[in-house]
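Given next are the chains, with one letter for each unit.
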Amino acid sequence: MGNRVAREDYEWVYTDQPHADRRKAILAKYPEIKTLMGPDPRLKWIVCMMVVIQFVAFYLVKDLDWKWVLFWTYAFGSCINHSMTLAIHEISHNTAFGNNKAMWNRYFAIFANLPIGLPYSASFKRYHLDHHRYLGGDGIDVDIPTDFEGWFFCTRFRKFIWIILQPLFYAIRPLCINPKPVTQLEMTNVAFQVTFNVLLYWLWGAKPVVYMLAGSMLGMGLHPISGHFIAEHYMFLKGHETYSYYGSLNLLTFNVGYHNEHHDFPSIPGRRLPMVKEIAAEYYTDLPQYTSWVKVLYDFIMDDTISPYSRIKRKLKGEVKQE
């Protein structure tokens, strides 16, 4: 467990990300893919149902013994809350109400954020659009681990700890890499979330609050669904920057596993991404892909050639316009 990984730096490249060129080629050959763009009318109802389910769970856990609170936190709450973070990811692309109602999407994301307990939806939107526009961009893309993460988490045991602490690093990394001024929408997000958390505690006590917050932390740490954090962009094969996953957990994660397809067409809702792969099959079939996020987590920890440094990074040229 003490083996050190071989990497001592990122994989620096001097080419643009592959997604823009592939998007252009696919649309030239299959212009009908444009019909898949636009909002998903089902998304808002699915999100509302998930919020209601968690509200019911808050009520049900308030009288349980602590051992059962913790059991259901990991077995159920962590799955729902991680799935909700990926619903917010969907909403960040305006797929709930469309581009013409951008603020409806922003406030709906704040609503979807409530059962997660940690106010992040407004900030996520700002940084996630940078991730798409400047994938791997040095000093811009906060999905890239910091130098400290790459240097310190360099053994199997430390990589295991790093996966457990993923929520912490996703929270503090933007402040280290690309801090931005706080916006009014972010303050609104915090105000709504703190008010909700206090009301939840006042109504039903500490157990629902622990179920909510611990579920979010555990669901984004050492959890089968959190394999998508590693699977999406960590370079298991040299030269390949984005990877798709075509396993059953896509049913819980709004098809976030279709990640090449998503970066090629970020305005297409997750529900329709399998149709992109079906229409333009020759562009995706031969790309590296996964069928198990659990195996991705295992391989990341046990493969001594892989570490947080296993990311493609590039110096950006020209004008950089951030969200």
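None of the values given here were measured: they were computed from a predicted structure.

Participant: How should the overall build of the protein be read in this particular structure?
Facilitator: The secondary structure content of the protein amounts to 15 helices and 4 strands. In terms of C-alpha radius of gyration, the protein reaches 20 Å, essentially the compact-globule figure of 20 Å for 323 residues. Seen along its three principal axes, the alpha-carbon backbone of the protein occupies a region of about 55 × 50 × 40 Å. Taken across its 323 residues, the protein has 52% of its residues classed as buried. Intrachain contacts of the protein at a sequence separation of at least 6 include 80% that bridge at least 24 residues. With the model as given, the accessible surface of the protein reaches about 15,300 Å², and the carbon-plus-sulfur share is 65%.

Participant: What am I meant to see in the layout of surface pockets here?
Facilitator: In this approach, a probe sized like a water molecule rolls over the atoms, and the result shows the empty space that is left. Taken as a whole, the largest pocket holds about 1,100 Å³ of empty space. Around the largest pocket, the lining is made up of 39 residues, and of these Tyr 120, Phe 124, Tyr 170, Ala 171 and Pro 174 lie nearest the centre. Along the lines of polarity and charge, the residues of the lining of the largest pocket split into 23 nonpolar, 10 polar and 6 charged. Size it by volume and the second largest pocket reaches roughly 340 Å³. The wall of the second largest pocket is formed by 19 residues, among which Asn 250, Leu 251, Leu 252, Thr 253 and Phe 254 lie closest to the centre.

Participant: I keep staring at empty space enclosed by the protein and nothing clicks. Help me out?
Facilitator: Counted under the stated rule, the structure contains 2 cavities of 30 Å³ or more. Space inside the largest cavity adds up to approximately 50 Å³. Every residue along the wall of the largest cavity is listed here: Ile 88, Ser 92, Arg 106, Ala 109, Ile 110, Ser 121, Ala 122, Lys 125 and Leu 185. Listing elements by their share of the lining of the largest cavity, those giving two or more residues are α3 (66-92), α4 (102-113) and α5 (121-133). Among the residues forming the lining of the largest cavity, the class breakdown is 5 nonpolar, 2 polar and 2 charged. What the second largest cavity holds in volume is close to 40 Å³. Taken together, Leu 86, His 89, Glu 90, Thr 253, Phe 254, Asn 255, Val 256, His 262 and Leu 273 make up the lining of the second largest cavity. In the lining of the second largest cavity, the residues fall into 4 nonpolar, 4 polar and 1 charged.

Participant: Got a minute to help me understand a nonpolar patch on the surface in this structure?
Facilitator: Taken together, the side chains of Ile 46, Met 49, Ile 53, Trp 68, Phe 71, Trp 72 and Phe 76 make up a nonpolar region of the molecular surface, amounting to roughly 640 Å² of accessible area. Counting residues per element, the ones that place at least two in the nonpolar patch are α2 (43-61) and α3. Among the elements that line the nonpolar patch, the one with the most residues is α3, at 4 residues. Mapped onto the elements of the fold, Ile 53 is located in helix α2. Take Ile 53: its relative accessible area is 32%, and that puts it in the partly exposed class.

Participant: Looking at this model, I keep getting lost on the confidence of the model for the protein. Mind explaining?
Facilitator: Mean pLDDT for the protein: 95, with 98% of residues reaching 70 or above. Highest mean pLDDT in the protein belongs to helix α12 (residues 259-264) (98); lowest belongs to helix α8 (residues 166-177) (92).

Participant: Sorry, what's going on with the side chain of Gln 166 here?
Facilitator: Residue position: Gln 166 is located in helix α8. Gln 166 gets classed as buried once you look at its relative accessible area, which sits at 3%. Excluding residues that lie within four positions of it along the chain, Gln 166 makes contacts with Met 220, Phe 229 and Ile 230.

Participant: What is the right way to read the side chain of His 82 from this model?
Facilitator: For His 82, the location among the structural elements is in helix α3. A residue is classified by how much of its surface remains accessible, and His 82, at 1% relative accessible area, is buried. A polar contact is formed between the side chain of His 82 and the backbone oxygen of Gly 219, at a distance of 2.5 Å. Aside from chain neighbours lying at most four places away, what touches His 82 is Gly 219, Met 220, Ile 225, Ser 226, His 228 and Phe 229.

Participant: I tried to follow the pattern of salt bridges on my own but got confused; where do I start?
Facilitator: Where charged atoms from two side chains of opposite charge come close, those side chains can pair. Per the stated rule, a full pass over the model turns up 16 salt bridges. Between Arg 156 and Asp 304 there is a salt bridge whose closest N-O contact spans 3.0 Å. Remark: Asp 304 occurs in the loop between α15 (293-302) and β4 (312-314) and Arg 156 occurs in helix α7 (residues 156-164); sequence separation between them is 148 residues. You can call Arg 156 buried: its relative accessible area is 19%. A single salt-bridge network, built from bridges that share partners, covers Arg 7, Glu 11 and Lys 238.

Definitions and cut-offs
Residues numbered from 1 in each chain as written. Predicted model: local features only at pLDDT ≥ 70, side-chain atom pairs only at ≥ 80, totals over all residues. Heavy atoms only, no water. Helix = DSSP H or I, 4+ residues; strand = E, 2+ residues; numbered from the N terminus. Rg over C-alpha atoms; globule rule 2.2 N^0.38 Å. Buried < 20%, exposed > 50% of the residue type's maximum accessible area, 1.4 Å probe, protein only. Contact = heavy atoms within 4.5 Å. Areas by Shrake-Rupley, 256 points an atom, 1.4 Å probe, with all protein chains shown as cover. 1 Å grid on protein atoms, 1.4 Å probe; cavity = no way out; pocket = protein on both sides within 12 Å on 5 of 7 lines; lining within 4 Å. Points joined across faces, edges and corners; volume = space filled by probe spheres on them. Nonpolar A, V, L, I, M, F, W, Y, C, P; charged D, E, K, R; others polar. Patch = residues over 30% accessible without salt bridge, like charges linked within 9 Å, V, L, I, M, F, W, Y side chains within 5 Å. Salt bridge = Lys/Arg side-chain N within 4 Å of Asp/Glu carboxyl O. pLDDT = per-residue confidence, 0-100. Polar contact = N/O pair within 3.5 Å; in protein donor to acceptor, adjacent residues only side chain to side chain.

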